[in-house]
Amino acid sequence: MAWEIDREKCLRCGACVSVCPELALNLKEEGVLHDADRCTSCGICGRVCPVRSITVVK
Amino acid sequence: MRAFVKDSYDVVVAGAGPGGSRTAMKLAELGHSVLLLEKRQEIGAPKRCAEGLTLTAVDIMGDIPQNCKMREIVGAKVYSPDGNSVLVHYGKHGGYCLERKQFDKWLACEASRAGATVLANSEVTDVIKEGGRVKGVKARICGEDEIEIMSSVVVAADGIESTISRKAGLDTTNSLVNVDSGFQYEMSNLHMEDPDKIILYFGNDIAPRGYVWIFPKGKDVANVGIGTALSEKSAKHYLDRFIESHPEIFKDAGIVEVNSGGIPVGGFLRDMVLDGFLAVGDAAHQVNPIHGGGLKEASVAAEIAAKVIHRALMEGDVSHDSLSEYNDLWWKERGERLKKVEKLRQVTEKLSDKDLNMLAKSLTSDVLIGLTRGSKMGTLAKVLMKNPRLIGIARHLF
Ligand SMILES: Cc1cc2nc3c(=O)[nH]c(=O)nc-3n(C[C@H](O)[C@H](O)[C@H](O)COP(=O)(O)OP(=O)(O)OC[C@H]3O[C@@H](n4cnc5c(N)ncnc54)[C@H](O)[C@@H]3O)c2cc1C
Ligand code: SF4
Ligand code: SF4
């Protein structure tokens, strides 16, 4: 299981945070924080991202 | 900056967007002690917005300072997929393209002038609950160590992220079908035919479910963006393709700002309150599902929230039942209409480009404006039902 973010691409908009069913994401000034313990690798966050900066591999 | 903060407040508001600042301002005006916390370093920046504000919203906001208003908008030009266009005259319902950064700061300053304590770079990190009731928040004031702040009522105005409600126990996680992906460039040196109108482009190849917009902020400066449903390609991909295919507008253009964002386009909540807690604005999905405008909605909700919280505080009863008046009033004033607009969105997303072309030819400017406000559904249904294939779809409008 892997959740990855391309920090160069990410525009820190919070769209991914809004749809994460596990509350595993948090938006900080420096970027998106990911809580691996909560994440189920469902991939929803990556699908809403307007610039596709998140990749989730099951 | 710990010295700025008391141990307890009547109301703590999380998030200083229009929803949070307006709620804080109204409650401070009514004499309550209010703390307004914004996690970002700079209120209003970077924007997640095309900055369009209709005059009906301008009326609610009061005297917007000149430096927030970039350009007056008198109407819209709406392109159907076949390249034909319909002119929509706003008449007395025009509006402005704002500078959100200035506008959001102005609203926060107004809250501060009214007596609220306003602090940027101050994240609400958690919600304190006792016996199932919300009693306050944990926060990092100006980036310092986390402290506890007690509060009779906590207002979640934390925008699209909406983590505060979820931490408090109000499930505001929006489903993927109800969130559009937004992407935008603020562009310079554009060749715009009519920089007093907003321009919208519809089509399943251009922006699945949504549209591409050009919102002028000056004669040659505009927010050029897209809101689109979940699809194979990213919102950015669709917008870049659109820009490349319109050299007549963009061939000499520059990019002065890049924005992205999620736009709630449905999923309204029947219950937006808990004991000692309520949610306003994007945090409660209060956005117009067809055009994605949320500035007016956040402001209307703030108005209602402040009225209800004031009454609840005066009565000394901030229980769920007491604050529930907010649900009733919001649904009566906005929710019922917006629910109709959500149905309209569900219908239009099923239409083919051919159907959209047909609609553009059949619907008048008044009907188009009415539809975005949750009326004129009968007129639309009649037009759709002329085509036997669309009868089933038209039924979803009611
Ligand atoms: C691309 C795009 C274009 C849009 N165009 C338009 C338009 O033209 N017209 C229109 O009317 N609407 C538009 N909208 C929608 C509009 O921007 C929002 O509806 C509006 O900003 C909602 O206001 P709000 O106060 O609810 O939330 P926001 O303005 O998002 O404010 C929420 C604030 O809370 C802060 N926050 C979050 N978490 C915390 C925390 N834990 N602690 C403290 N602070 C926190 C955030 O940093 C943010 O500043 C657009 C949206 C997008 C994405
Ligand atoms: S993959 Fe699913 S659970 Fe993990 S962060 Fe993304 S949305 Fe949340
Ligand atoms: S949706 Fe994409 S761009 Fe926006 S914060 Fe999440 S990862 Fe970054």
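Residues numbered from 1 in each chain as written. Chains lettered and ligands numbered in written order. Predicted model: local features only at pLDDT ≥ 70, side-chain atom pairs only at ≥ 80, totals over all residues. Heavy atoms only, no water.

A. Seen up close, helix α12 (residues 377-385) of chain B. Residue and element names in this part refer to chain B. Taken together, the buried positions of α12 are occupied by Met377, Leu380, Ala381, Val383 and Leu384. Buried residues of α12 fall within an arc of 165° about the axis and therefore sit on the same side. Buried residues belonging to α12 abut α9 (325-348), α10 (353-362), α11 (365-372) and α13 (391-395). (Buried < 20%, exposed > 50% of the residue type's maximum accessible area, 1.4 Å probe, protein only. Helix = DSSP H or I, 4+ residues; strand = E, 2+ residues; numbered from the N terminus. Arc of directions from axis to C-beta. Contact = heavy atoms within 4.5 Å.)

B. Spatial organisation of the packing of α10 of chain B against α12 of chain B. Residue and element names in this part refer to chain B. Direction vectors running N to C along α10 and α12 enclose 125°, while the axes themselves pass 11 Å from each other. Taken as axis vectors, α10 and α12 run oblique relative to one another. In the packing of α10 onto α12, the handedness of the crossing is right-handed. Facing Met358, Leu359 and Ser362 of α10, the residues of α12 in contact are Leu380, Val383 and Leu384. Taken together, the residues of the contact of α10 with α12 sort by class into five nonpolar, one polar and no charged. (Axes fitted to C-alpha atoms, helices over the stretch in contact; angles between N-to-C directions. Parallel < 35°, antiparallel > 145°, perpendicular 65-115°, else oblique. Left-handed = near helix turned anticlockwise from the far one by under 90°. Nonpolar A, V, L, I, M, F, W, Y, C, P; charged D, E, K, R; others polar.)

C. Local environment of the nonpolar core. Within the largest apolar cluster, 61 residues are counted, with the highest numbers of intra-cluster contacts made by Val11, Ile149, Phe277, Ile309 and Tyr326 of chain B. Per element, the largest residue contribution to this core is nine residues, and it comes from helix α7 (residues 295-315) of chain B. Residues within four places of isoleucine 149 of chain B in sequence aside, it is in contact with Val5, Lys6, Asp7, Tyr9, Val12, Leu35, Ile128, Lys135, Gly136, Val137, Ala139 and Ile141 of chain B. Counting residues in hydrophobic clusters, the runner-up holds 23 residues, among them Cys49 of chain A together with Leu190, Met192 and Tyr201 of chain B. (Core = buried A, V, L, I, M, F, W, Y, C linked by side-chain atoms within 4.5 Å.)

D. Region of interest: the site of ligand 3. Taken together, 14 residues lie around ligand 3, and Cys10, Cys13, Cys16, Cys49 and Ser53 of chain A are the ones closest in. Across the shell around ligand 3, the residue classes break down as eleven nonpolar, two polar and one charged. (Near = heavy atom within 4 Å.)

E. Representation of the domain arrangement of chain B within the structure. Residue and element names in this part refer to chain B. Parsing chain B into structural domains produces domain 1 (2-46 + 101-172 + 269-323), domain 2 (69-98 + 176-264) and domain 3 (342-395). For domain 2 versus domain 3, the distance between C-alpha centres works out to 22 Å. If you look at the interface, domain 2 gives 16 residues, while domain 3 gives 15 residues. For the domain 2 and domain 3 pair, buried surface summed over both sides reaches about 1200 Å², with 52% attributable to carbon and sulfur atoms. A per-residue breakdown of the area domain 2 buries against domain 3 is headed by Val86, Asn204 and Arg209, which together make up 36% of the total. A salt bridge links lysine 361 to aspartate 82; the shortest N-O distance between them is 3.5 Å. Here domain 2 is connected to domain 3 by seven residue pairs in polar contact (both at pLDDT 80 or more). In terms of residue class, the side of domain 2 that touches domain 3 is built from six nonpolar, seven polar and three charged. (Domains from an automatic or database assignment. Buried area = accessible area lost by both parts, 1.4 Å probe. Salt bridge = Lys/Arg side-chain N within 4 Å of Asp/Glu carboxyl O. Polar contact = N/O pair within 3.5 Å; in protein donor to acceptor, adjacent residues only side chain to side chain.)

F. Quick look at the packing of aromatic side chains. Residue and element names in this part refer to chain B. Applying the stated rule across the entire model yields ten aromatic pairs over all chains. When the centroid spacing of 5.7 Å and the interplanar angle of 65° are considered together, the rings of tyrosine 211 and tryptophan 213 count as edge-to-face. Each of the two residues, tyrosine 211 as well as tryptophan 213, counts as buried. When the ring of phenylalanine 268 is compared with that of tryptophan 330, the centres are 5.9 Å apart and the planes differ by 45°; the resulting orientation is tilted. Pair noted here: phenylalanine 268 is in the loop between β16 (254-264) and β17 (273-274) and tryptophan 330 is in helix α9, with a separation of 62 residues, a long-range link. The two residues phenylalanine 268 and tryptophan 330 agree in class, both being buried. If you follow lysine 6 out to its NZ or CZ, it ends over the ring of tyrosine 9, 5.1 Å from the centre. Sitting above the plane of the tryptophan 331 ring, arginine 270 keeps its charged end 3.6 Å from the centroid. (Phe/Tyr/Trp six-rings, centres within 6.5 Å; stacked < 30°, edge-to-face > 60°. Lys NZ or Arg CZ within 6 Å of the ring centre and 35° of its normal.)

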